[in-house]
Amino acid sequence: MLELRTISGVTGVMGCLMALVMAFQRRSYPPSIHGLGHWTAAPLLAFASALLFTLRGVLPALLSAGLANALMFAAAATFLAGSCRFFGQPLSARATSLLWLTGAATLLFMSLFNGGYGWRVLFMGLLLGGVVAWHAAVVWRQPQHSFATRFTGTVLALMSAIILARAVSAPFAPPQEGLFTPAPMQVVYLLGLAFGTLLTSIGTVLMASEHLRRELERLITHDSLTGALTRRALFASGEAELARARRQGRPMAVLMLDLDHFKQINDEHGHRVGDRVLVDFVARAHAVLRRPAVLGRYGGEEFVALLPDTDTAQALAVSERIRASTCADPALPRCAVSIGVAAAQPQDSLEALINRADAGLYDAKALGRNRVVARGPAPH
Ligand SMILES: Nc1nc2c(ncn2[C@@H]2O[C@H](COP(=O)(O)OP(=O)(O)OP(=O)(O)O)[C@@H](O)[C@H]2O)c(=O)[nH]1
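All values reported here derive from a predicted model rather than from experimental measurement. (Residues numbered from 1 in each chain as written. Predicted model: local features only at pLDDT ≥ 70, side-chain atom pairs only at ≥ 80, totals over all residues.)

**Quick notes on the overall build of the protein**
Secondary structure summary: the protein contains 12 helices and 5 strands in total. Compactness check: the protein gives a C-alpha radius of gyration of 30 Å against a globular reference of 21 Å for 380 residues, more than 25% above the reference. Counting only C-alpha atoms, the protein reaches 95 × 50 × 30 Å along its principal axes. For the protein, the proportion of its 380 residues judged to be buried stands at 39%. Pairs at least 24 apart in sequence give 71% of the contacts found in the protein among residues at least 6 apart. (Helix = DSSP H or I, 4+ residues; strand = E, 2+ residues; numbered from the N terminus. Rg over C-alpha atoms; globule rule 2.2 N^0.38 Å. Buried ≥ 20, exposed ≤ 12 C-beta atoms within 10 Å, placed from the backbone. Contact = placed C-beta atoms within 7 Å.)

Listed below in structure tokens is the structure:
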């Protein structure tokens, strides 16, 4: 026979252990991952709440019911706030006030209301189930789904369903029923809380690890200053696109872009302004380029754009648009870009294609800069 008081105690201990895991994780994660502090505090609050519930009958009702419920609500609200911060959508001051005021008002009403155990369970369940359902919706609404978010979202949705089902059935339960009466609904509820606490904590650890992996991946594939692809990622993407173009018999073009007299900008305005010019250039080039085109930093102030499904005429038009948009910010020093264009030939390697675009760039510089020059295949 299941001892419900033991389940409640075990729930608390699980929360405590998971808080420890999260606290250790937090120390090794970069500060750019937000919400871990809340995720550590939430299971600790759940632990304190479960401990008080377990001591029902031993401690006064004010502690083993009133304070225990308040701590359980605080755990759910803190957990929700942590996830919102983690996903980069922290709760607004208004939403936070609404959440805590609703919690405080419900708990106060419960303590004053004299309708019996079933009705108190209904109010508390609606409050708690509502917060957990809100939390599930936050996790499910994330556009970047992974196993971790699906797992956590599902556990939260199941938990809220169990809490709400118990809440709405409570007023119809026999009047002598209490928290540790071994009725089926109570067993499902306490087991749901125990496993839910454990599984959602595992879910947060998985989500944090997933986030870290994505950040590291981004560091490897994207230039930290401009956000363009790194040279390594550019070549990987270029090889794949060229193979696809060859396989499907579709055109592909490469642009080699180099800011003109960039050394002069650095010398006259300083390196930091030079950096801002680079960032602005890449942002504007990205605005012109449409997926699946990609832009990579080839080195210094030199960039390469890969344009799948693009012939020479289209590549020249895109290049002109990039040239026209370059240094359009009046707050930055005047500058210009030279661009070499090459379209892929059936026998081209990526290196040969880039070399031809580079030859076009060389011509553009030699002809006076701030222009676009296309290079065809060398005659045999
Ligand atoms: N601010 C800044 N400057 C950089 C960065 N990477 C390279 N540079 C500078 O870019 C300049 C490139 O100078 P050059 O290769 O002489 O080319 P340029 O002055 O643009 O002349 P042309 O290409 O012939 O028009 C050098 O002064 C580098 O120090 C960077 O990340 N930030």
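**Quick look at the UniProt feature "domain: GGDEF" (unreviewed entry) in the protein**
The residues that UniProt annotates with the feature "domain: GGDEF" (unreviewed entry) are residues 250-377. Taken end to end, residues 250-377 has its terminal C-alpha atoms 17 Å apart, with 45% of it in helix and 25% in strand. (UniProt positions renumbered as here; feature names shortened; annotations may be inferred.)

**Considering unusual backbone geometry**
Of note, the amide linkage connecting Arg291 to Pro292 takes the cis form, showing an omega dihedral of 10°. Inspection of the secondary structure assignment puts Pro292 in the loop between α10 (271-288) and β2 (294-299). At His261, a position not held by glycine, the phi torsion is positive, near 45°. Locating His261 in the fold gives a position in the loop between β1 (252-259) and α9 (262-269). Residue class for His261 comes out partly exposed when judged on the 15 C-beta atoms lying within 10 Å of it. Although it is not a glycine, Asn370 adopts a positive phi angle of roughly 50°. Of note, Asn370 is situated in the loop between α12 (350-366) and β5 (372-375).

**Overview of the domain arrangement of the protein**
Domain annotation for the protein reports domain 1 (4-221) and domain 2 (231-375). A straight line from the C-alpha centre of domain 1 to that of domain 2 covers 51 Å. (Domains from an automatic or database assignment.)

**Thoughts on the pairing of strand β4 (residues 337-343)**
Side-chain positions along a regular strand alternate between the two faces of the sheet. Among the 7 residues of β4, 7 are classified as buried, and the element is accordingly described as predominantly covered. Neither face of β4 is left uncovered, since the one carrying Val337, Ile339, Val341 and Ala343 and the one carrying Ser338, Gly340 and Ala342 both have all their residues buried. Note that β1 and β4 share 7 bridges and pair antiparallel. Residue pairing in the sheet places Met256 in a bridge with Gly340 of β4. Bridge count for β4 against β5 is 4 bridges, and the pairing is parallel. From the neighbouring strand, Val341 faces β5, where its bridge partner is Ala374. The β-α-β motif built from β4, the intervening α12 and the parallel element β5 has left-handed crossover chirality. (Pairing = 2+ DSSP bridges. Right-handed = clockwise from strand over helix to strand, strands pointing away.)

**A closer look at the UniProt feature "transmembrane region" (unreviewed entry) in the protein**
Mapped onto this structure's residue numbering, the UniProt feature "transmembrane region" (unreviewed entry) falls at residues 6-24, 36-55, 61-81, 93-113, 119-140, 147-168 and 188-208. Split by type, residues 119-140 is 100% helix and 0% strand. Its first and last C-alpha atoms lie 31 Å apart.

**Focus on the site of the ligand**
Around the ligand, 17 residues are found, and the nearest of them are Asp260, Phe262, Lys263, Gly274 and Gly300. Of the residues that constitute the shell around the ligand, the class distribution is 4 nonpolar, 6 polar and 7 charged. (Near = placed C-beta within 6 Å. Nonpolar A, V, L, I, M, F, W, Y, C, P; charged D, E, K, R; others polar.)

**Comments concerning the environment of Arg120**
Tracing the sequence through the fold places Arg120 in helix α5 (residues 117-140). In the structure, Arg120 is positioned 47 residues away from Ala167 in sequence and 8.8 Å away in space, judged by C-alpha atoms. Setting aside anything within four residues of it in sequence, one finds Arg120 in contact with Met110 and Phe113.

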